[in-house]
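Fold and geometry: a report
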Amino acid sequence: KEAVAKVPSVSRRRYCIHVDRIIKEKTNGAQVQVPIHPSKVQITKLKLDKDRKALIERKRLGRAGGGDKGKGKFSEKDVAMADVD
């Protein structure tokens, strides 16, 4: 199905998204959106505001230069200096 539609809501807890124009009618006549698993859709255009761009940039910098950060672990030099007492 080559349909193009917007995603009005994302449920991270249920691992599903709701897409415009995919609606099911309940027995009482109410219309509800059908949940779709995110692996079944393809993103063609991504809406980015300044906060989302900053978040992506921060994650990118952390992944690129985060190989030898240390992250609070002791190095061999620190362990060797501990035995000097």
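Described in the following lines is the structure provided in the data block. Predicted, not measured: the structure shown is a model, and the values here were computed from it.

Along the protein chain, the regular secondary structure elements total two helices and three strands. Each helix (α) and strand (β) of the protein chain, taken in turn from the N terminus, gives the series β-β-β-α-α. Within the span of the protein chain, comprising 85 residues, buried residues form 7% of the whole. Working note: accessible area of the protein chain is about 8,700 Å², and carbon and sulfur atoms make up 52% of it.

In space, the three strands of this open sheet follow the order β1-β2-β3, with antiparallel pairing throughout. The open sheet terminates on both sides in strands that have one partner only, identified here as β1 (9–11) and β3 (31–36). This sheet shows a mean twist of 50 degrees between the axes of neighbouring strands, independent of strand direction.

Turning our attention to the pattern of salt bridges. Inspection of every chain in the model, using the stated rule, returns one salt bridge. Where Glu-57 meets Arg-60, a salt bridge forms, and the shortest distance between an N and an O atom there is 2.5 Å. Here the residue Glu-57 and the residue Arg-60 both occupy positions in helix α1 (residues 50–64), the gap between them amounting to three residues, near one helical turn. The class of Glu-57 is partly exposed, set by a relative accessible area of 34%. The class of Arg-60 is partly exposed, set by a relative accessible area of 46%.

This part covers unusual backbone geometry. Despite not being glycine, Tyr-15 has its phi angle at roughly 55 degrees, a positive value. With respect to the secondary-structure elements, Tyr-15 resides in the loop between β1 and β2 (16–25). Although it is not a glycine, Arg-21 sits at a positive phi angle of roughly 70 degrees. Its location among the elements puts Arg-21 in strand β2.

Reading the values: the criteria
Residues numbered from 1 in each chain as written. Predicted model: local features only at pLDDT ≥ 70, side-chain atom pairs only at ≥ 80, totals over all residues. Heavy atoms only, no water. Helix = DSSP H or I, 4+ residues; strand = E, 2+ residues; numbered from the N terminus. Buried < 20%, exposed > 50% of the residue type's maximum accessible area, 1.4 Å probe, protein only. Areas by Shrake-Rupley, 256 points an atom, 1.4 Å probe, with all protein chains shown as cover. Pairing = 2+ DSSP bridges. Axes fitted to C-alpha atoms, helices over the stretch in contact; angles between N-to-C directions. Salt bridge = Lys/Arg side-chain N within 4 Å of Asp/Glu carboxyl O.

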